[in-house]
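Spelled out from the first residue to the last, the chains are:
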Amino acid sequence: MKVFKYLAGILAIIIVIVAVNSKYILKQYVFPYKHEAIIEKYSKEYDIDPKFVLSIIKAESKFNTSAKSHKDAYGLMQITDETGKWIAKQMNITDYSKEKLYDEEYNIKMGCWYINDLQKEFNNIDLVIVAYNAGRGNVNEWLSNKEYSSDGKRLQYIPYKETSEYLNRVNTYYKIYCKLYN
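Residues numbered from 1 in each chain as written. Predicted model: local features only at pLDDT ≥ 70, side-chain atom pairs only at ≥ 80, totals over all residues. Heavy atoms only, no water.

Draft legend 1. Looking closely at the layout of surface pockets. Size it by volume and the largest pocket reaches roughly 630 Å³. Lining the largest pocket we find 23 residues, and of these Glu 60, Lys 71, Gln 78, Tyr 132 and Asn 133 sit closest to its centre. Looking at the lining of the largest pocket, the elements that each hand over two or more residues are helix H3 (50-61), strand E2 (79-80), helix H6 (125-134), helix H7 (136-143) and helix H8 (161-181). Here the lining of the largest pocket is built from residues that sort into nine nonpolar, nine polar and five charged. (1 Å grid on protein atoms, 1.4 Å probe; cavity = no way out; pocket = protein on both sides within 12 Å on 5 of 7 lines; lining within 4 Å. Points joined across faces, edges and corners; volume = space filled by probe spheres on them. Helix = DSSP H or I, 4+ residues; strand = E, 2+ residues; numbered from the N terminus. Nonpolar A, V, L, I, M, F, W, Y, C, P; charged D, E, K, R; others polar.)

Draft legend 2. Main features of helix H2 (residues 36-45). Looking at H2, one finds that the buried residues are Ile 38, Ile 39, Tyr 42 and Ser 43. Looking straight down H2, one finds that the buried residues subtend no more than 120° of arc, so they occupy a single side. Along H2, exposed side chains directed more than 90 degrees from the buried face belong to Ala 37 and Lys 44. Residues of H2 that are buried in the fold lie against H3 and helix H5 (104-122). (Buried < 20%, exposed > 50% of the residue type's maximum accessible area, 1.4 Å probe, protein only. Arc of directions from axis to C-beta. Contact = heavy atoms within 4.5 Å.)

Draft legend 3. Here's a closer look at the packing of aromatic side chains. Applying the stated criterion to the full structure yields 11 aromatic pairs. Judged by centre distance (5.7 Å) and plane angle (70°), the ring pair of Phe 31 and Tyr 173 falls under edge-to-face. Of this pair, Phe 31 sits in the loop between helix H1 (2-30) and H2 while Tyr 173 sits in helix H8, and the two are 142 residues apart along the sequence. The pair formed by Phe 31 and Tyr 173 is uniform in burial state, with each residue classed as buried. With 5.5 Å between their ring centres and 85° between their planes, Tyr 74 and Tyr 102 make a pair best called edge-to-face. Taken together, the residues Tyr 74 in strand E1 (residues 73-74) and Tyr 102 in the loop between helix H4 (81-90) and H5 connect sequence positions 28 residues apart. Since its relative accessible area comes to 5%, Tyr 74 is described here as buried. Clustering of aromatic rings is evident, with ring pairs tying together Phe 31, Tyr 33, Tyr 173, Tyr 177 and Tyr 181. The ring of Phe 31 is capped by Lys 58, whose NZ or CZ atom sits 5.0 Å from the centre of that ring. Over the face of the ring belonging to Tyr 173 we find Lys 58, whose NZ or CZ atom lies 5.5 Å from the ring centre. (Phe/Tyr/Trp six-rings, centres within 6.5 Å; stacked < 30°, edge-to-face > 60°. Lys NZ or Arg CZ within 6 Å of the ring centre and 35° of its normal.)

Take a look at the structure:
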(Lines give C-alpha, C1' and ligand atoms only; values in the text may rest on other atoms or scores of the structure.)
Protein backbone atom coordinates (compact mmCIF):
# COMPACT_ATOMS: atom_id res chain seq x y z
CA MET A 1 0.00 0.00 0.00
CA LYS A 2 2.86 2.38 0.83
CA VAL A 3 4.45 1.70 -2.57
CA PHE A 4 1.17 2.54 -4.30
CA LYS A 5 0.86 5.85 -2.42
CA TYR A 6 4.51 6.64 -3.15
CA LEU A 7 4.06 5.95 -6.89
CA ALA A 8 0.80 7.94 -6.96
CA GLY A 9 2.59 10.87 -5.32
CA ILE A 10 5.42 10.76 -7.84
CA LEU A 11 2.90 10.55 -10.68
CA ALA A 12 1.02 13.56 -9.27
CA ILE A 13 4.26 15.56 -9.08
CA ILE A 14 5.13 14.62 -12.66
CA ILE A 15 1.66 15.66 -13.86
CA VAL A 16 1.97 19.02 -12.08
CA ILE A 17 5.45 19.63 -13.54
CA VAL A 18 4.29 18.75 -17.05
CA ALA A 19 1.15 20.89 -16.72
CA VAL A 20 3.13 23.88 -15.47
CA ASN A 21 5.79 23.50 -18.14
CA SER A 22 3.61 22.32 -21.02
CA LYS A 23 3.57 25.69 -22.78
CA TYR A 24 7.35 25.90 -22.48
CA ILE A 25 7.76 22.34 -23.78
CA LEU A 26 5.39 23.01 -26.69
CA LYS A 27 7.23 26.22 -27.60
CA GLN A 28 10.71 24.73 -27.27
CA TYR A 29 10.25 21.37 -28.90
CA VAL A 30 6.96 21.01 -30.77
CA PHE A 31 6.09 24.50 -32.09
CA PRO A 32 9.32 26.49 -31.99
CA TYR A 33 9.81 29.99 -33.33
CA LYS A 34 13.02 29.37 -35.24
CA HIS A 35 14.54 31.94 -37.62
CA GLU A 36 12.55 34.62 -35.79
CA ALA A 37 14.43 37.69 -37.06
CA ILE A 38 14.26 36.56 -40.69
CA ILE A 39 10.59 35.58 -40.47
CA GLU A 40 9.72 38.88 -38.77
CA LYS A 41 11.63 40.86 -41.41
CA TYR A 42 10.01 39.29 -44.47
CA SER A 43 6.58 38.84 -42.91
CA LYS A 44 6.52 42.58 -42.30
CA GLU A 45 7.90 43.37 -45.77
CA TYR A 46 5.28 41.19 -47.49
CA ASP A 47 2.39 41.88 -45.08
CA ILE A 48 1.97 38.34 -43.76
CA ASP A 49 1.31 37.17 -40.22
CA PRO A 50 4.62 35.65 -39.04
CA LYS A 51 2.69 32.87 -37.31
CA PHE A 52 1.28 31.91 -40.70
CA VAL A 53 4.83 31.68 -42.10
CA LEU A 54 5.82 29.51 -39.11
CA SER A 55 2.84 27.25 -39.85
CA ILE A 56 3.86 26.83 -43.49
CA ILE A 57 7.47 26.09 -42.52
CA LYS A 58 6.38 23.57 -39.87
CA ALA A 59 4.12 21.81 -42.39
CA GLU A 60 6.66 21.93 -45.22
CA SER A 61 10.00 21.09 -43.60
CA LYS A 62 9.60 20.96 -39.82
CA PHE A 63 12.29 23.68 -39.75
CA ASN A 64 14.88 21.52 -41.51
CA THR A 65 16.95 23.94 -43.64
CA SER A 66 18.35 21.04 -45.69
CA ALA A 67 14.99 19.46 -46.43
CA LYS A 68 14.46 18.13 -49.96
CA SER A 69 11.15 16.55 -50.90
CA HIS A 70 10.41 13.71 -53.30
CA LYS A 71 9.04 16.44 -55.61
CA ASP A 72 12.38 18.29 -55.59
CA ALA A 73 11.31 21.11 -53.30
CA TYR A 74 14.09 22.65 -51.25
CA GLY A 75 14.72 24.27 -47.89
CA LEU A 76 12.49 25.53 -45.11
CA MET A 77 9.53 26.57 -47.25
CA GLN A 78 10.00 23.74 -49.78
CA ILE A 79 10.25 25.78 -52.95
CA THR A 80 10.70 23.82 -56.17
CA ASP A 81 13.37 24.85 -58.66
CA GLU A 82 10.70 25.75 -61.22
CA THR A 83 8.82 27.96 -58.76
CA GLY A 84 12.10 29.39 -57.47
CA LYS A 85 13.11 30.44 -61.00
CA TRP A 86 9.72 32.06 -61.53
CA ILE A 87 9.83 33.88 -58.17
CA ALA A 88 13.40 35.06 -58.84
CA LYS A 89 12.31 36.49 -62.19
CA GLN A 90 9.34 38.27 -60.60
CA MET A 91 11.57 39.63 -57.81
CA ASN A 92 14.33 40.65 -60.26
CA ILE A 93 16.83 38.31 -58.61
CA THR A 94 19.54 37.70 -61.20
CA ASP A 95 21.80 35.28 -59.32
CA TYR A 96 19.20 32.56 -58.59
CA SER A 97 20.28 28.96 -58.09
CA LYS A 98 18.39 26.09 -56.52
CA GLU A 99 21.31 25.60 -54.09
CA LYS A 100 20.47 29.01 -52.60
CA LEU A 101 17.07 27.64 -51.61
CA TYR A 102 18.88 25.91 -48.74
CA ASP A 103 19.85 29.32 -47.34
CA GLU A 104 17.23 30.16 -44.73
CA GLU A 105 17.06 33.89 -45.46
CA TYR A 106 16.89 33.42 -49.22
CA ASN A 107 14.24 30.70 -48.87
CA ILE A 108 12.07 32.60 -46.38
CA LYS A 109 12.28 35.80 -48.45
CA MET A 110 11.14 33.94 -51.59
CA GLY A 111 8.47 32.01 -49.68
CA CYS A 112 7.03 35.17 -48.13
CA TRP A 113 7.03 36.93 -51.48
CA TYR A 114 5.20 33.94 -52.98
CA ILE A 115 2.59 33.83 -50.19
CA ASN A 116 1.98 37.56 -50.69
CA ASP A 117 1.58 37.00 -54.44
CA LEU A 118 -0.93 34.21 -53.81
CA GLN A 119 -2.83 36.44 -51.35
CA LYS A 120 -3.17 39.12 -54.02
CA GLU A 121 -4.62 36.59 -56.43
CA PHE A 122 -6.92 34.61 -54.16
CA ASN A 123 -7.67 36.92 -51.21
CA ASN A 124 -8.67 33.84 -49.18
CA ILE A 125 -6.27 32.21 -46.73
CA ASP A 126 -7.50 28.66 -47.42
CA LEU A 127 -7.00 29.14 -51.16
CA VAL A 128 -3.52 30.55 -50.50
CA ILE A 129 -2.64 27.43 -48.50
CA VAL A 130 -4.07 25.11 -51.15
CA ALA A 131 -2.27 27.01 -53.95
CA TYR A 132 1.00 26.93 -52.00
CA ASN A 133 0.74 23.14 -51.94
CA ALA A 134 -0.95 22.22 -55.21
CA GLY A 135 -0.14 25.23 -57.39
CA ARG A 136 -2.20 28.22 -58.45
CA GLY A 137 -3.02 26.62 -61.79
CA ASN A 138 -4.74 23.70 -60.08
CA VAL A 139 -6.62 26.00 -57.73
CA ASN A 140 -7.89 28.17 -60.60
CA GLU A 141 -8.93 25.03 -62.48
CA TRP A 142 -10.78 23.68 -59.42
CA LEU A 143 -12.50 27.02 -58.81
CA SER A 144 -13.88 26.96 -62.34
CA ASN A 145 -15.19 23.40 -61.94
CA LYS A 146 -18.69 23.12 -60.40
CA GLU A 147 -17.71 19.70 -59.05
CA TYR A 148 -15.21 21.41 -56.70
CA SER A 149 -16.56 24.95 -56.33
CA SER A 150 -20.19 26.04 -56.41
CA ASP A 151 -19.40 29.77 -56.56
CA GLY A 152 -15.95 30.00 -58.19
CA LYS A 153 -14.62 31.67 -55.03
CA ARG A 154 -14.31 28.84 -52.51
CA LEU A 155 -13.52 25.15 -52.77
CA GLN A 156 -16.08 22.72 -51.40
CA TYR A 157 -13.92 19.77 -52.42
CA ILE A 158 -10.18 19.40 -52.96
CA PRO A 159 -9.45 16.52 -55.33
CA TYR A 160 -5.94 15.91 -53.96
CA LYS A 161 -6.04 14.12 -50.59
CA GLU A 162 -2.49 15.33 -49.81
CA THR A 163 -3.55 18.95 -50.38
CA SER A 164 -6.71 18.58 -48.30
CA GLU A 165 -4.65 17.16 -45.43
CA TYR A 166 -2.06 19.92 -45.91
CA LEU A 167 -4.77 22.60 -45.61
CA ASN A 168 -5.99 21.07 -42.35
CA ARG A 169 -2.45 20.71 -41.01
CA VAL A 170 -1.45 24.33 -41.76
CA ASN A 171 -4.69 25.68 -40.29
CA THR A 172 -4.19 23.59 -37.14
CA TYR A 173 -0.57 24.72 -36.80
CA TYR A 174 -1.64 28.33 -37.30
CA LYS A 175 -4.21 28.12 -34.49
CA ILE A 176 -1.60 26.60 -32.19
CA TYR A 177 1.05 29.21 -33.08
CA CYS A 178 -1.51 31.97 -32.43
CA LYS A 179 -2.30 30.52 -28.99
CA LEU A 180 1.35 30.03 -28.04
CA TYR A 181 2.81 33.29 -29.38
CA ASN A 182 0.09 35.93 -28.84
